Amino acid sequence: GVNLRSGSFHDFVRSSWWGGVQMGPPDPILGVSEAFKKDTNPKKMNLGVGAYRDDMGKPFVLSCVRKAEAIITTKQMDKEYLGIGGLGEFSKSCAQLALGADNEVMKSGRYITVQTISGTGSLRIGANFLARFHGGPRDVYLPKPSWGNHTPIFRDAGMELKAYKYYDPSTCGFDFKGALDDISKIPEHSVIMLHACAHNPTGVDPKPEQWKEISDIVKKRNLLVFFDMAYQGFASGDIDRDAWAVRYFIEQGHNILLSQSFAKNMGLYGERVGGFTVVCNDAEEAKRVESQLKILIRPIYSNPPMNGARIAATILNTPDLRSLWLEEVHGMANRIIKMREQLAAGLIKEGSSKNWQHVIDQIGMFCFTGLKPEQVERLTKEFSVYMTKDGRISMAGVTSGNVGYLAHGIHAVTK
Amino acid sequence: MSVFSEVPQAPPVAVFKLSADFREDSHPQKVNLGVGAYRTDDCQPWVLPVVKKVERLIVEDGSLNHEYLPILGLPEFRSASSKVALGDDSAAIKDNRVGGVQALGGTGALRIGAEFLRRWYNGVNNTATPIYVSAPTWENHNSVFADAGFKDIRPYHYWDAAKRGLDLDGLLDDLEKAPERSVFVLHACAHNPTGTDPTPEEWKKISEIMKRRSLFVFFDSAYQGFASGDLDKDAWAIRYFVSEGFELFVAQSFSKNFGLYNERVGNLTVVAQDGENLSRILSQMEKIVRTTWSNPPSQGARIVSKTLNSPELFAEWKGNVKTMAERVLLMRDQLKAKLQAQGTPGTWDHITQQIGMFSFTGLNPKQVEYMIKEKHVYLMASGRINMCGLTTKNIDYVAQSIHDAVTKVQ
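Throughout this description, residue numbers start from 1 for each chain and increase along the sequence as written. The order in which chains are written sets their letters, starting at A; the order in which ligands are written sets their numbers, starting at 1. Where totals are concerned, whole chains, interfaces and linings use all residues; where local detail is concerned, this predicted model gives features only for residues with pLDDT of at least 70, and gives and counts side-chain atom pairs only at 80 or more. With hydrogens and water stripped out, all remaining heavy atoms of the structure feed into the side-chain values.

Under the annotation held in an unreviewed UniProt entry, chain B carries the name Aspartate aminotransferase and is attributed to Cyclopterus lumpus. Checking UniProt for chain B, the heading Cofactor (unreviewed entry) contains the comment "pyridoxal 5'-phosphate". UniProt positions are given in the numbering used here, feature names are shortened, and annotations may be inferred rather than shown by experiment. Here is the UniProt Sequence similarities (unreviewed entry) comment for chain B, exactly as written: "Belongs to the class-I pyridoxal-phosphate-dependent aminotransferase family."

Under an unreviewed UniProt entry, the name given to chain A is Aspartate aminotransferase, and the organism recorded is Cyclopterus lumpus. UniProt annotates chain A under Sequence similarities (unreviewed entry) with the comment "Belongs to the class-I pyridoxal-phosphate-dependent aminotransferase family." Per UniProt, the comment on chain A under Subcellular location (unreviewed entry) is "Mitochondrion matrix".

K.L.:
Residue-level account of the overall build of chain B, with values.
P.N.:
Strands are runs of DSSP state E lasting at least two residues, helices are runs of H or I lasting at least four, and both sets are numbered from the N terminus onward. When you go through chain B residue by residue, the secondary structure sums to 16 helices and 13 strands. The globule rule used for comparison is 2.2 Å times the number of residues to the exponent 0.38, while the radius of gyration itself is calculated over C-alpha atoms. The C-alpha atoms of chain B give 22 Å as radius of gyration, which agrees with the globular expectation for 410 residues (22 Å, within 12%). Viewed in the frame of its principal axes, chain B has a C-alpha envelope of about 60 × 60 × 55 Å. Each residue is placed in one exposure class: buried if its accessible area under a 1.4 Å probe, protein chains only, is under 20% of its type's maximum, exposed if it is over 50%, and partly exposed if it falls in between. Counting across all 410 residues of chain B, residues that qualify as buried make up 63%. Note on definitions: a residue-residue contact is assigned when non-hydrogen atoms from the two residues lie within 4.5 Å. For chain B, the proportion of contacts with a sequence separation of at least 24, taken over those separated by at least 6, is 76%. Each accessible area is a Shrake-Rupley estimate made with a 1.4 Å probe; only the visible protein chains count as cover when residues are assessed. Here chain B displays about 14,800 Å² of accessible surface, and carbon together with sulfur accounts for 52% of that area. We count Lys and Arg on the positive side and Asp and Glu on the negative side, and we leave His and both chain ends out. Taken as the charge centre is NZ of Lys, CZ of Arg, CG of Asp or CD of Glu, depending on the residue. Positive and negative charge centroids in chain B, built from 46 and 48 side chains respectively, lie 1 Å apart.

K.L.:
Give me the lowdown on the overall build of chain A, citing residues and values where you can.
P.N.:
A tally of helices and strands in chain A yields 17 helices and 13 strands. Taken over the C-alpha trace, chain A has a radius of gyration of 23 Å; the compact-globule value for 415 residues is 22 Å, and the two agree within 12%. Dimensions along the principal axes, computed over C-alpha positions, put chain A at roughly 70 × 65 × 55 Å. In chain A, buried positions account for 63% of the 415 residues. A separation of at least 24 residues holds for 75% of the contacts in chain A among residues at least 6 apart in sequence. Carbon and sulfur atoms make up 52% of the accessible area of chain A, which amounts to about 16,100 Å² in all.

K.L.:
Requested: an account of the packing of aromatic side chains, with residues and values cited.
P.N.:
Residues and elements named next belong to chain B. For this analysis, a ring pair means two rings from Phe, Tyr or Trp (six-membered ring only for Trp) whose centres lie within 6.5 Å, classed as stacked if their planes differ by under 30 degrees, edge-to-face if by over 60, and tilted for the remaining angles. This structure, assessed with the given rule, holds 45 aromatic pairs over all chains. Ring centres 5.8 Å apart and planes at 70° place the aromatic pair Phe254 and Phe258 in the edge-to-face group. The same class applies to Phe254 as to Phe258, namely buried. Ring-pair connections join several aromatic residues into one group, and the members of that group are Phe116, Tyr121, Phe145, Phe150, Phe216, Phe218 and Phe249.

K.L.:
Tell me what's going on with the nonpolar core, and back it up with residues and numbers.
P.N.:
Grouped together as the largest cluster of nonpolar side chains are 150 residues, with contacts concentrated most on Trp18(A), Trp325(A), Leu343(A), Phe218(B), Phe249(B), Leu268(B) and Met285(B). In this text, buried Ala, Val, Leu, Ile, Met, Phe, Trp, Tyr and Cys residues form a nonpolar core when linked through side-chain atoms within 4.5 Å. Counting residues in hydrophobic clusters, the runner-up holds 61 residues, among them Leu33(B), Leu260(B), Phe358(B) and Leu363(B).

K.L.:
Requested: an account of the interface of chain A and chain B, with residues and values cited.
P.N.:
For interface size, the figure often reported is the accessible area lost on association. Tallying the contact residues gives 81 residues for chain A and 82 residues for chain B. Carbon and sulfur atoms supply 56% of the area that chain A and chain B bury against each other, a total of about 7,200 Å² over both sides. Think of a salt bridge as a Lys or Arg side-chain nitrogen and an Asp or Glu carboxyl oxygen that are within 4 Å of each other. Put simply, Asp147(B) and Arg132(A) hold a salt bridge, and the shortest N to O gap is 3.1 Å. In protein, a polar contact requires one atom able to donate a hydrogen and another able to accept it; more generally it is a pair of N or O atoms within 3.5 Å, and residues adjacent in sequence count only if both atoms are side-chain atoms. At the boundary of chain A and chain B, one finds 30 residue pairs in polar contact (both at pLDDT 80 or more). Looking at the side of chain A that touches chain B, the elements with two or more residues in it are α1 (9–14), α3 (63–75), α6 (118–133), α7 (150–157), α12 (283–301) and α13 (306–317) of chain A. With 12 residues, the top contributor of residues to the side of chain A that touches chain B is α12(A). Gly is placed with the polar residues, together with every amino acid not listed as nonpolar (Ala, Val, Leu, Ile, Met, Phe, Trp, Tyr, Cys and Pro) or charged (Asp, Glu, Lys and Arg). Of the residues assigned to the side of chain A that touches chain B, the class counts are 42 nonpolar, 21 polar and 18 charged. Accessible-area loss on putting two parts together, using a 1.4 Å probe and summing over both, is the definition of buried area adopted here.

K.L.:
Can you lay out the pattern of salt bridges for me, pointing to particular residues and giving the numbers?
P.N.:
A side chain with one charge may pair with a side chain of the opposite charge, provided their charged atoms come close. The tally for this structure, following the rule as stated, stands at 42 salt bridges over all chains. A salt bridge links Glu104(A) to Arg110(A); its shortest N-O distance comes to 2.6 Å. Between Lys322(B) and Glu326(B) there is a salt bridge, with the nearest N and O atoms lying 3.3 Å from each other. Of this pair, Lys322(B) and Glu326(B) both sit in helix α13 (residues 311–342), four residues apart, which is roughly one turn of that helix. Take Lys322(B): its relative accessible area is 42%, and that puts it in the partly exposed class. Since its relative accessible area comes to 43%, Glu326(B) is described here as partly exposed. Where salt bridges share partners, they join Asp156(A), Arg111(B), Glu115(B), Arg118(B) and Arg119(B) into one cluster.

K.L.:
Break down the sheet that holds strand β4 (residues 153–157) of chain B for me, citing the residues and quoting the values.
P.N.:
Residues and elements named next belong to chain B. Spatial ordering of the open sheet is given by β2-β10-β9-β8-β7-β3-β4, a layout of seven strands whose pairing is mixed. Unpaired on one side and paired on the other, β2 (98–103) and β4 mark the two borders of the sheet. The average angle at which neighbouring strand axes cross in this sheet is 25°, direction not considered. The pairing of strand β7 (residues 183–187) with strand β8 (residues 216–221) spans five bridges and is parallel. Paired with Leu186 across the bridge in β8 is Phe219. Between N-to-C directions, angles cover 0 to 180 degrees, with each direction set by a line fitted to C-alpha atoms, over the stretch in contact for helices. Together, β7, β8, β9 (248–253) and β10 (266–271) form the strand contacts of helix α10 (residues 236–243), whose direction differs from that of β8 by roughly 155°. Two strands qualify as a pair provided DSSP detects at least 2 bridges between them.

K.L.:
Could you give me a rundown of the packing of helix α5 (residues 105–120) of chain B against helix α11 (residues 275–290) of chain B, with the residues and numbers involved?
P.N.:
Residue and element names in this part refer to chain B. One way to put it is that α5 packs onto α11 with a least axis distance of 10 Å and a crossing angle of 115°. Taken together, the axis directions place α5 and α11 in an arrangement best described as roughly perpendicular. In this structure, α5 meets α11 at a crossing whose hand is right-handed. Contacts from Ile112, Glu115, Phe116, Arg119 and Trp120 in α5 reach Ile281, Gln284, Met285, Ile288 and Val289 in α11. Of the residues contributing to the contact of α5 with α11, the split by class is seven nonpolar, one polar and two charged. If an angle is under 35 degrees, it is roughly parallel; if it is over 145, roughly antiparallel; if it lies from 65 to 115, roughly perpendicular; otherwise it is oblique. Should the near helix be turned counterclockwise from the far one by less than a right angle, the crossing is left-handed, whereas a clockwise turn marks it as right-handed.

K.L.:
An account of the pairing of strand β4 (residues 160–165) of chain A is requested, with residue identities and associated values reported.
P.N.:
Relative to β4(A), strand β3 (residues 139–144) of chain A is paired through six bridges, and the arrangement is parallel. Residue pairing across strands places Val140(A) opposite Leu161(A), the latter belonging to β4(A).

K.L.:
Any details on helix α8 (residues 176–183) of chain A? Residues and values, ideally.
P.N.:
In terms of residue burial, α8(A) counts as a mostly covered element, since six of its eight residues are buried. Phe176(A), Gly178(A), Ala179(A), Leu180(A), Asp182(A) and Ile183(A) are the residues of α8(A) that are buried.

K.L.:
How would you sum up the UniProt feature "domain: Aminotransferase class I/classII large" (unreviewed entry) in chain A? Please name residues and give values.
P.N.:
Listed under "domain: Aminotransferase class I/classII large" (unreviewed entry) in the UniProt record, and renumbered for this structure, are residues 43–410 of chain A. End C-alpha atoms of residues 43–410 of chain A are separated by 14 Å, and the span's content is 47% helix alongside 15% strand.

K.L.:
Tell me what's going on with the environment of Pro42(A), and back it up with residues and numbers.
P.N.:
Here Pro42(A) is to be found in the loop between α2 (30–38) and β1 (45–46). Linking Pro42(A) and Ser384(A), residues 342 residues apart in sequence, is a C-alpha distance of 8.9 Å.

K.L.:
Describe in detail unusual backbone geometry, supporting the description with residues and values.
P.N.:
With an omega of 0°, the peptide bond between Lys144(A) and Pro145(A) qualifies as cis. By secondary structure assignment, the location of Pro145(A) is in the loop between β3 and α7. With an omega of -5°, the peptide bond between Ala135(B) and Pro136(B) qualifies as cis. At Ala198(A), a position not held by glycine, the phi torsion is positive, near 50°. Within the element layout of this structure, Ala198(A) appears in the loop between β7 (191–195) and α9 (208–220).

Below, the structure is given as structure tokens:
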């Protein structure tokens, strides 16, 4: 080990403070992109991180974003600090988008929305808030499986993680009975995380009738609901339809926590645009909660970045930009749906005897192929198709130009 | 029953509350000497000309998109930032033992650094390591380290109210008495809130003790260029400590010197003993960043990176920084001159001896309250004023108000 005792000048110069620091493993999701970059195979495919690509496999900057940026440039605004809670215009329209403008919660003001550093930042603020103020058990119940980063986020904030059944590997679909069964056993006042739509990584969402039963049992168990909505618009192509579960739960009396991201649905990934909402009993409680959120945020990053929030607010609050945006989101969702259909068809064409219906039934950016780790490894090594070990592929990385190759590769490792 | 019915109302963050109160005040002569943001002589925010130019270039560049940056940030930004702090000729950079973590402003850089120290410094997850912050210091320092998990945050002597200067003996004594391996947060230049910096000779004394007693150096550098108008001069202390062989952190902010306050541009520069240590450190930094904000915002980093990496734009930026620093220096000269001309009781040399955006006037809380309530001149309860809030148009009123506060309120 390293000599940690103080000593002579020579000891000081020779030993490092950091001899005991272990090399951290590469991030399982973002690490995939790193590996992809190094591959020289011209046919390589990056189906790792969930960033939308057009049919040429290129990043897609939405027209409504470019138009909003042009408008913003003409306004020549200053760069003064935002408040800790961020751009008010943005936070309001962020909440409205999720809840609907006519929502009783919006009208009564019994909520607080703060601008956050995209979805991750939102979840982390929520997790920190729970760790400090939630009087119930420390446990946060995640669906099994969930986004890989959920666990370390909650853990670093001081919460504990548990899971409820969610994905049924035998059907590549929703384990409804298993979920209800597990949820009915969760200790009262625990926190339960629900993916609002386009579940990551499985793409498996409950149907409305199933959401209703989940809501009932969650209510019976007095659980605190934390919705993660990173794909509003991306699941069905319809903003309101994708927010149905969130709105239903609020209607049913759940005072939810909600994380929203505009990384995918506005293509604002690197601008880090998100929101964290707490639905409260009344406006007075919302004010108290807001004051505590600010106390949490200030020692992390003081106040959030302006650029992305300004773009998002401009789009949401300018009628023709908003319409254009809805069209473009619809377009992105449709391309993904089409790729699902083509992939399933391609696999059948390859002669696969397996059931690939789930490729079409699953929803949103991701597809849980059902591939096992060894098969994933082969797909990467032999075909240069990069994806996460759990068998998740980002449909956004599939194009009409490479879907045939992908079908071929998947068939090769699964036949 | 709400799960949050017991959540107490938190007090507002003082500096933001001050600005809010100022905004609501309708008095025609009101002056805001609170929050630390640069103002022109017309009391307007100033978007640096070089920033406007670079933003136009970015908007016009059709090849740019909004994709995720890497977890540690924009590589060209990180390297250019560390170079600005450590110097073009930095041996440490040449030795490949310097790295950067792009962060959300100086606050973000401090927080990532603090989280790393709590996990990996002085053992594993050692929350008992003492963290020393100057008395007084930027009020957020305490919260950053406390929320990162440290349980023992202590003041070190810094401001001598009686002599209105640095309490060097107190500081050196604290260094001698601190438990070995304690962390000391040092302000690289333009100390906030006092504006009082150690001289090079004093820094050398500080360095000697810190080395001998194995104390960890964590620089907070939020005003490089802003203090003297000269980037290299303002980085002297950082570079000295690096040349003395310390492994250290520097939390850099580009909020003030680039006027990019709301784009949250910062960098945590890590100087390690060698490249091997550096890569392990950065790998762990990635894990911390991933659960905090995943990856940093791109706009501000692009602006700074483009500027620092282009000789022409870099020169233009330095000129813009000088403009700001010189206006502040002018206001210092003028305020002191007016106070002396008025015969306002007390000595006022500290106004021009202090450096950077802030001045610790020496006004007590009662006098501050008088300034705000009676004169509508807003300043922090500590007596800290932001020199940038002074203009040729309001300086007479402010000088007169200080005179009244000092003579009428004890």
